[in-house]
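Single-letter residue listing:
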Amino acid sequence: MDHVWVQQDPDQDLEAGSKVNRGTTMKKGSVLSFKNVNYYVKTGSGLPCCRQYTERKILTNISGVMRPGMNAIMGPTGSGKTSLLDILAGRKHPSGLSGDVLVDGVPLPPDFKCRSGYVVQDDVVMGTLTVRENLAFSAALRISNSPSLAERKERVERLLLELGITAVADSKVGTALRRGVSGGERKRTNIGMELITDPGVLFLDEPTTGLDASTANAVMRLLHRLSSNGKTIIFSIHQPRYSIFKLFDSITLLADGHMIFHGPAQEALSYFSANGYECEAHNNPADFFLDVVNGDSTALDNKLENVVESHEELKIVEHLSKQYSHSSFAKQTTQELERIEQMQIKKGHKKHFPNLKRNSSTASSFFTQMSCLLKRTFLNLVRSPQASIAQLLVTLILGLIVGAIFFGVSDDAGGIQNRVGAMFFLTTNQCFGSLSAVELFISERKIFVHEYISGYYHVSSYFISRISADLLPMRTLPGIIFSLLTYWMMGLQPKVGNFFIYLLTIIMVAYGATSLALALSAGSSNAAVAHIYITISFVFMILFSGLLVNLPSVMAWLSWIQYFSIPRYGMAALQMNELWGLNFTCRSNNYTVPDKCPPTALIHMDICTGEQYLCQQGIKVGVWEMWQNHVALGVMTLIFFTIAYLRLLFIRKYT
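Residues numbered from 1 in each chain as written. Predicted model: local features only at pLDDT ≥ 70, side-chain atom pairs only at ≥ 80, totals over all residues. Heavy atoms only, no water.

### Regarding the pattern of salt bridges
What counts here: Throughout this description, the term salt bridge denotes a Lys or Arg side-chain nitrogen within 4 Å of a carboxyl oxygen of Asp or Glu. Numbering of helices and strands runs from the N terminus, with a helix taken as a DSSP run of H or I at least four residues long and a strand as a DSSP run of E at least two residues long. Exposure is judged per residue with a 1.4 Å probe applied to protein chains only, and the accessible area is read against the type maximum: over 50% gives exposed, under 20% gives buried, and values in between give partly exposed.
All told, the structure shown has 15 salt bridges when counted by the stated rule. Notably, a salt bridge pairs arginine 132 with glutamate 157, separated by 2.7 Å at the nearest N-O pair. With arginine 132 in helix H4 (residues 131-142) and glutamate 157 in helix H5 (residues 149-163), the pair connects residues that are 25 residues apart, well separated along the chain. Its salt-bridge partner being glutamate 444, residue arginine 466 comes within 3.4 Å of it at the nearest N-O pair. Placement of arginine 466 in helix H19 (residues 459-490) and of glutamate 444 in the loop between helix H17 (439-442) and helix H18 (445-453) is noted, with a sequence separation of 22 residues between them. Assessed through its relative accessible area of 7%, glutamate 444 is described here as buried.

Quick look at the structure:
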């Protein structure tokens, strides 16, 4: 016979509070209910021009109630565990969703993603920061401005103690290049960053993934202690060991998107036994459940094989789902959902699926977000200086080499060639040197998406902080070093004004190239593909920079490309800054002046001027003509930064 899921009145649960040990008060756990949840996705096949889409059902009529305690969502791979978890957490895109999800008897608020805690499967934590610094970062951005700094510090210290990671509080979490804390301590740090706001519900996606059996058991016991103190813990888990399974208060067993069982964990074995599925002695219940849904014959009692044989025409999952729908557990769940629905109507709340809008609120101000993000970004830069040091060393070496090759340029025809060749190399180097910006957002994509959804900060504060931390040490400082070395070693015009224009041009070319790299890579998750797109863009820009081809001679239907060339504007500004006003010794019989050049460009004996060369290259000489190149670089930089910001803003933030 079926076993009834005995449950107290929902009205009492929704109003009940709970206390934590150590004399601290913990926010009461919320009651999460869901009814007739269906979810499907569209999958495409074929070429983009003629792609055909088909709908694939992920979840089918899933209903249940999850209360304070350990609520496990179990099932084989592809059963819909993570999809259900994301839907309950309000982190699934509403497209393809239907059904009702309530928290404490009311529809999920738009900022539920910020109010609840969500620990993703892959740990997303800044590895160059210590455990305490990561928790302090979360506290500074996610706790309202009303608590004082001392109160936030006290909360961090208390949480370190409750999580059992006080001993490693000042140890760096660790990166791929530098070993840090253990896997279990890293997982506890992730949990702590979500618990810092004392959420009513804590979601965890496969919290034992990547952990050994002992560490996984320790993490789950930590969650059990939290649930015993009133927290609602909801997590997906694949195949836990028996010592972990014993900690569960309720389990939701899914298979192929269908509900197989939903009820108290201690009643699950007796439910399956009553339906003809007998768990062998010393067998792990979690393994047994997977055997059942996978149709493993060893999970059947020999005496009851004829019961299952009568259902051979049905798939085993459909048969199990049908059995559950007629069980007393399903009926009890339906009654509880009806009572919660009546209470919802009594309170005047309308039924609707959770509002999953993108504009989640944040607890901190824009300036607080900027301050914390800049501090974290610069700490990350200082503690993992490999890239920045390599950039500076390469800049120093290249500057010395270029200065040596073009050392002391002469005032003859060869001097013009050397000057222009050096400027071409300078602008080209600034473009390809900016390729390191490709991974600026890609490397932290997972961290950004998780923190943005959880309400740490706005996209604007994150974008400005990341750009500022990259442009100053990675673009501006190398540009200054490069200019100081090359300008004076090459012996260009010994004027302070000319040097600062040279320096400004070098830095602005770097800024423009960096902004283009970010515009093409901000929304990408694959750095290799982004590198290809950016490299191709730079190749075409360099082709139209003004050295490899005489721009006035390019056909009209192709000449428009030059106006989108970053190095072209840099080359024009550098050449005008250096050649304007210089006289060179040239051979008049090998040098002709085009008819369209002004009379002032005529050759007198064997003397030619920089203006003559600039005229040949189609570069007009003048004060505005020089500064319009910098204006163009500035405008292009702003446009590309805007594109990068918009791509970051509209990045896919739902699973």
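### Here's the deal with the packing of aromatic side chains
As a reminder of what qualifies: Between rings of Phe, Tyr and Trp, where Trp is taken as its six-membered ring, a pair exists when centres lie within 6.5 Å; planes separated by under 30 degrees are stacked, by over 60 edge-to-face, and by other angles tilted. Charge-over-ring contacts are defined here by two conditions on Lys NZ or Arg CZ: a distance within 6 Å of the ring centre and an angle within 35 degrees of the ring normal.
This structure, assessed with the given rule, holds 31 aromatic pairs. Centroid distance phenylalanine 245 to phenylalanine 248: 5.6 Å. Interplanar angle 65°. Geometry classified as edge-to-face. For phenylalanine 245, a relative accessible area of 7% translates into the label buried. On the numbers, 5.7 Å between centres and 90° between planes, the contact of tyrosine 271 with phenylalanine 329 is edge-to-face. Taken together, the residues tyrosine 271 in helix H9 (residues 268-274) and phenylalanine 329 in helix H13 (residues 328-347) connect sequence positions 58 residues apart. Comparing tyrosine 271 with phenylalanine 329, the two get one shared label, buried. Grouped by ring-pair contacts, the aromatic residues Phe137, Phe441, Phe448, Tyr452, Tyr456, Tyr457, Tyr462, Phe463, Phe641 and Tyr645 constitute a single cluster. The ring of phenylalanine 137 has arginine 376 sitting right over it, with the charged end atom 4.1 Å from the ring centre.

### A look at H18
Along H18, seven of the nine residues are buried, which leaves the element largely enclosed by surrounding structure. Along H18, the residues classified as buried are Ile447, Phe448, Val449, His450, Glu451, Tyr452 and Ile453. Within two residues after H18, glycine 455 carries a phi angle of roughly 85°, on the positive side.

### Section: a nonpolar patch on the surface
Stated precisely, the cut-off is as follows: Candidate patch residues must exceed 30% relative accessible area and have no salt bridge, after which like charges are joined if within 9 Å and Val, Leu, Ile, Met, Phe, Trp or Tyr side chains if within 5 Å. Per-residue accessibility takes into account occlusion by the displayed protein chains alone, with areas from the Shrake-Rupley method and a 1.4 Å probe.
Taken together, Leu504, Trp580, Val623, Trp624, Trp627, Val631, Val635, Ile639 and Ile643 make up a surface patch of nonpolar side chains, about 810 Å² in accessible area. Considering each element in turn, the nonpolar patch owes the most residues, seven residues, to helix H25 (residues 623-649). Looking at where isoleucine 639 falls in the secondary structure, it is placed in helix H25.

### Remarks on helix H16 (residues 413-433)
Quick reminder of the rule: Working rule for helices: expected span equals 1.5 Å times residues minus one. Contact criterion: two residues are considered in contact whenever any of their non-hydrogen atoms come within 4.5 Å of each other.
Between the first and last C-alpha of H16 there are 30 Å, a value that for 21 residues agrees with the 30 Å anticipated at 1.5 Å per step. Three or more residues of H16 are buried, namely Gly415, Ile416, Arg419, Val420, Ala422, Met423, Phe424, Leu426, Thr427, Thr428, Gln430 and Cys431. Here the buried face of H16 lies against H19, helix H20 (496-521), helix H21 (527-543), helix H23 (566-579), strand E11 (583-585) and helix H24 (610-616).

### Let's talk about the environment of threonine 535
When you line up the elements, threonine 535 lands in helix H21. In the structure, threonine 535 is positioned 104 residues away from cysteine 431 in sequence and 9.3 Å away in space, judged by C-alpha atoms. Residue contacts for threonine 535: discarding those within four places in its chain leaves Phe432 and Leu435.

### Regarding the confidence of the model for the protein chain
As a reminder of what qualifies: pLDDT expresses how confident the predictor is about each individual residue, on a scale running from 0 to 100.
When the pLDDT values of the protein chain are averaged, the result is 83; 85% of them are 70 or greater. Taken element by element, the predicted model of the protein chain shows its lowest mean pLDDT in helix H1 (residues 10-15) (39) and its highest in strand E3 (residues 69-74) (95). Between residues 310-314, whose pLDDT stays under 50, and residues either more than four places distant or in other chains, the model counts two contacts. Under a pLDDT of 50 for its full length, residues 601-607 has, in the predicted model, 13 contacts with residues more than four places off or in other chains.

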